[in-house]
Amino acid sequence: QVQLVESGGGLVQAGGSLRLSCAASGSSFSISAMAWFRQAPGKQRELVAIISSGGGINVADSVKGRIAISRDYAKNTVDLQMNSLKPDDTAVYYCYAAEISGPVYWGHGTQVTVSS
């Protein structure tokens, strides 16, 4: 079992920045990929960015150029630096981790609100 705890959400004005952090505990040695997803009201959960165990990164087109995902493999943390935030970025942001053997885990989510 892996537990994920997010932090760093909040209210920010358009054009501002936020940094989200996620810490994994439990059987975190078995984690392969870690990622951030988001879900806005009335919309499906969508991938923001994912980073593999080998450091490969994929970023959603909607945030490309404005976000950076990073991972500390020793501490089992994954961060999401978000810049030039827009009202459309308002959502609950979820940390995600996938084990090599298949199980996936989700954090409880952290609210990000961008005011215009």
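Residues numbered from 1 in each chain as written. Predicted model: local features only at pLDDT ≥ 70, side-chain atom pairs only at ≥ 80, totals over all residues. Heavy atoms only, no water.

S.K.: Mind showing me how you'd approach the pattern of salt bridges here?
M.R.: Pairs can form between side chains of opposite charge whenever their charged atoms are close. For the structure on display, the rule yields 5 salt bridges. Residue Asp79 is joined to Arg19 by a salt bridge in which the shortest nitrogen-to-oxygen separation is 3.2 Å. Within this pair, whereas Asp79 is found in strand β8 (residues 77-82), its partner Arg19 is found in strand β3 (residues 18-26), the two being separated by 60 residues in sequence. Classification of Arg19 as partly exposed rests on a relative accessible area of 41%. Salt bridges here are not isolated pairs; linked through shared partners, they connect Arg38, Glu46, Arg66 and Asp89. (Salt bridge = Lys/Arg side-chain N within 4 Å of Asp/Glu carboxyl O. Helix = DSSP H or I, 4+ residues; strand = E, 2+ residues; numbered from the N terminus. Buried < 20%, exposed > 50% of the residue type's maximum accessible area, 1.4 Å probe, protein only.)

S.K.: Please clarify how the sheet that holds β3 should be interpreted in this entry.
M.R.: To summarise the sheet geometry, strands pair through backbone hydrogen bonds and adopt either a parallel or an antiparallel arrangement. Taken together, the 4 strands give an open sheet; going across it, the order is β1-β3-β8-β7, and neighbouring strands pair in antiparallel fashion. Both outer strands of the open sheet, β1 (2-7) and β7 (67-72), are each paired with one neighbouring strand and no more. Here the average twist between neighbouring strands, direction ignored, is 15°. Note: β7 against β8, 6 bridges, orientation antiparallel. Opposite Ile69, over in β8, you have Leu80 as the bridge partner. (Pairing = 2+ DSSP bridges. Axes fitted to C-alpha atoms, helices over the stretch in contact; angles between N-to-C directions.)

S.K.: Mind showing me how you'd approach the side chain of Thr110 here?
M.R.: Of note, Thr110 is situated in strand β11 (residues 110-115). Relative accessible area serves as the criterion here: at 11%, Thr110 is assigned to the buried category. Among the polar contacts listed, one links the side chain of Thr110 to the backbone nitrogen of Gly9, at a separation of 3.3 Å. Every residue in contact with Thr110, bar those within four places of it in the chain, is listed here: Glu6, Gly9, Leu20, Ala91, Val92 and Tyr93. (Polar contact = N/O pair within 3.5 Å; in protein donor to acceptor, adjacent residues only side chain to side chain. Contact = heavy atoms within 4.5 Å.)

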